[in-house]
Amino acid sequence: MNHMPKLNRRSFVVGTATAGLSLGFNVPFLTATSAQGAPEVNAWVVIKPDDTVVIRIARSEMGQGSLTGLAQMVAEELECDWSKVTTEYPTPGQSVARKNPWGDFGTGGSRGIRTSQDYVRKGGAAARTMLIAAAAAEWKVPASECSAANSVITHKPSGKTTTYGKVASAAAQIEAPADVPLKDPKDWKLIGKSVKRLDTVDKTNGKMMYGIDMKLPGMMYAAIKACPVFGDKVKSFDAAKVEKMKGVKKVVQVGDNAVAVVADSWWRAKTALEALPILWNNSENAKVTSASISKWLKEGFEADKAFVNNKAGDVKSGLGAAAKTVVAEYAYPYQNHACMEPLNATALYTADKCEAWAGTQHGQAAFAAVLEASGLPASKCEFYKVMPGGGFGRRGRSDYVTQAVLIAKQMPGTPVKLLWSREEDMAQGTYHPVTECRMTGGLDDKGNLTSLHIRLSGQSILSSLRPEALVNGMDPATFAGLSPSGEAAIGYEVPNLLVDHSMRNPHVPPGFWRGVNVNQNAIYLESFMDELAKMAGVDPLEFRRRLMAKYPKHLGVLNAVANGIGWDKPPAPGVFRGIAQHMGYGSYVAAAAEVSVNGNNVKIHRIVAATDPGYAVNPGQIERQIAGSFVYGLSALFLGECTVKDGAIEQSNFDTYDSMRIAQMPKVECIVMGTGGFWGGVGEPTICVAPPAVLNAITAATGRRYRSFPLKNHGLTLV
Amino acid sequence: MINLTINGKSHSVDVEPDTPLLWVIRDTIGMTGTKYGCGIAQCGACTVHIDGEATRSCGMTVGDAAGKKITTIEGLAENGVPTKVQQAWVANDVPQCGYCQSGMIMAVSALLKEKPKPTDADIDQAITNICRCGTFQQVRAAIHEAAKA
């Protein structure tokens, strides 16, 4: 995903080469917040004469709120007036031309803030230093006698003041300081505050511009169908059958596996595409079914060889010596992201330039896709980010950008907006990978867990998307939350422990997905901890605590939700509780749920959630991420499944791949712990604890343990 | 030619009468606040008001919409003043990605017209829009706040 081709670098002046100007057409998102013409203090900060502060954001906003969080980080050090802050995205083309001053544009793995916090704060601090230096030079006083707050610079001895807007041009001429000290966290004024998002108003009045809303003069619309059997190709298609249909401009093959119809409206393009006869060259892939995949994965439970990620003691002899052993097998399905906005991209290819617009989680990867698909050098390409209607990992891939460029290339001079139908979006996902798991636990005669073997069997995302990230063939990401240390460490000490993975990669393409590997691993481990506790005859919370002495941060969030739900007091009659904890993306997370079960109807009354991301940049937005992630995670638990038949995905739309509604939403109470000292992620970690907490509560209510998902397959309905 | 009245303005459009209203609003007339999510009236992202009633515009043909009073998200505010619902949405920071929120706001606005003080049960029954970011907790809070305003 981080692959970038070798590029020809060419000088580039910020703000002068926007597509809007080159087309002589007002593309709203490019000009509305554009810092064009205003002094750029440094790569991160532009200040207009009216004191408006434009903060550049390299990572993508897709709903998770990090646009606002990152602006808070820069503004904290900049000491600017928060009410005058706006943001803009630099383009990946500018990034290349300027030798990458903004670092990584990639937005996934809950890394938006935690892996850029250092340099974005330094960007703000450097700009502040330069602004103060400019004022001091104008006043002919030492900079050390000046200070800045709220966009106002004050010379203390004389009482003179000026504003950022007045000195920004001069500051832009000052050499950037080599290094700047950052504030002590105890002095933060903006980081840690629940300020409002910067991008809300336009999302309430229809003005926010998403990729699907792109309009360019003379633009045509494309609908596309790729081979439903992953990996298989187009054999032939009969364009003559639809070319005369009203509005149809062209029928084109896209790459080796897709066909698109271009028309003067998307509805006409889609209607013609549905009437277009297409034949596919099918391979052995067309014989794959969910059952054949599951059979193959179950064979992985017995495989002699497996990648070992976490090992302590000797699990085989430990299990042999156990007073009691428990064995349980779990399975987790393929799931589609189903972003509310179906995938789309707009491209314009001319003899000397190729430009594309789309919502993406990775501007640089999308830019690389434009280069590769157009065949043009970086100096002749540009990519512009627009607001995505959800990402969840799917928009980290650039396949839809590639397709748009390949179509536009066949219609030089005509802008083309490619929009996938929801059905295409369901059929051409990069799916939450499929895994199964065999858990084997051994208890001593006092009910202590002495041995645990976690055998994962199934698909690796990195093998498919980033094979260079494999470690001697092993996919470390598969073990999220089960690893010995790092950003996704297990929180239990077991004397004899073995966590290993029999890698089995079906032809269905896997992808990163909100939470992804922590989702199934938390279900496997935290469901099984309850199974072990039951066998040991010990309260599930107490059973966990006994194993967590060496994991105070994991224990911290677990205790927080136990207190929050009132674990030491009985729930209301008919209400049952479950609890779970896990770690992912550098944050510690836990949940405690209260449910009642009436026949097959499950009602989740309440979930108390805790997260410790170290530094909590915007607690109000973190709470929204927690509650929102539970909707995504509980939709997956109860409803989310993509099944495979004849090598293709069977589900086609929200009628067969449903999602939670407001009526099913439990009350979510958030505890944002923010103990400081480290930077953990926010968008994803909490998603994984809601399902096992709810599952454990369902078992407490019914006595039944569910080990395959979604729960709709067991007849359970979330009400 | 089909005549439509959208947000008080007339439009004549030259499209097949069986074209879904959604695509005429978005692509023919060019008002893109109304969103496409599923095309089968499941998700609610395309909700508009037809004679005041919340309607999923992907499931209604433009032929059937002719002569009716159509209101889209762009036409909700009166004289540029955001409605109570829109104000409550901003005050509660409801949207995340925001893509479904046009439809959500249109559905809620119709509910409040019918039931100015809806109970949680009223909300559960009337608001069936999908939001994959999952901002339902904020939606509920904002509905109650708008009802109080």
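Structure shown above.
So, here's what we can say about the structure. (Residues numbered from 1 in each chain as written. Chains lettered and ligands numbered in written order. Predicted model: local features only at pLDDT ≥ 70, side-chain atom pairs only at ≥ 80, totals over all residues.)

1. Side note on the overall build of chain B
Along chain B, the regular secondary structure elements total 6 helices and 5 strands. Listed by position from the N terminus, the elements making up chain B come as β-β-α-β-β-α-β-α-α-α-α. Computed over the C-alpha atoms, the radius of gyration of chain B is 15 Å, within 12% of the 15 Å expected from 2.2 N^0.38 for a compact globule of 149 residues. Overall, chain B is about 45 × 30 × 25 Å in size when its C-alpha atoms are taken along their principal axes. Each of the 149 residues in chain B was classed as buried or not, and the buried ones make up 58%. In chain B, once contacts between residues fewer than 6 apart in sequence are set aside, the share between residues at least 24 apart is 60%. (Helix = DSSP H or I, 4+ residues; strand = E, 2+ residues; numbered from the N terminus. Rg over C-alpha atoms; globule rule 2.2 N^0.38 Å. Buried ≥ 20, exposed ≤ 12 C-beta atoms within 10 Å, placed from the backbone. Contact = placed C-beta atoms within 7 Å.)

2. Here's the deal with the environment of Asn713 of chain A
Assignment of secondary structure puts Asn713 of chain A in the loop between α18 (690–702) and β28 (717–718). Between the C-alpha atom of Asn713 of chain A and that of Gly473 of chain A, which follows or precedes it by 240 residues, the distance is 34 Å.

3. Quick word on the sheet that holds strand β1 (residues 40–42) of chain A
Residues and elements named next belong to chain A. Spatially, β1-β2-β3-β4 is the arrangement adopted by the 4 strands of the open sheet, whose pairing is mixed. For this open sheet the edge positions go to β1 and β4 (85–88), each flanked by a neighbour on one side alone. Averaged over all neighbouring strand pairs, the angle between strand axes comes to 30°, with direction disregarded. Sitting on the sheet, helix α5 (residues 117–139) touches β1 and β2 (45–47), and the angle it makes with β1 is about 120°. (Pairing = 2+ DSSP bridges. Axes fitted to C-alpha atoms, helices over the stretch in contact; angles between N-to-C directions.)

4. Observations regarding the environment of Ala168 of chain A
Topologically, Ala168 of chain A is positioned in helix α6 (residues 164–172). C-alpha of Ala168 of chain A to C-alpha of Ile132 of chain A: the two residues are 36 residues apart in sequence and 9.7 Å apart in space.

5. A few points about the interface of chain A and chain B
Each side of the interface is counted separately: chain A has 46 residues, and chain B has 48 residues. Mapped by element, the contributors of at least two residues to the side of chain A that touches chain B are α7 (266–275) and α17 (619–638) of chain A. Residue composition of the side of chain A that touches chain B, grouped by class: 22 nonpolar, 14 polar and 10 charged. (Nonpolar A, V, L, I, M, F, W, Y, C, P; charged D, E, K, R; others polar.)

6. Quick look at unusual backbone geometry
Following Phe709 of chain A, the chain continues to Pro710 of chain A via a peptide bond in cis, the omega torsion being 5°. Tracing the sequence through the fold places Pro710 of chain A in the loop between α18 and β28. Of note in this structure, Asp51 of chain B is not a glycine but carries a positive phi near 50°. Within the fold, Asp51 of chain B resides in the loop between β3 (47–50) and β4 (53–56). Asp51 of chain B gets classed as exposed once you count the C-beta atoms within 10 Å, which come to 11.

Note that all results are geometric; they support no functional claim without further evidence.
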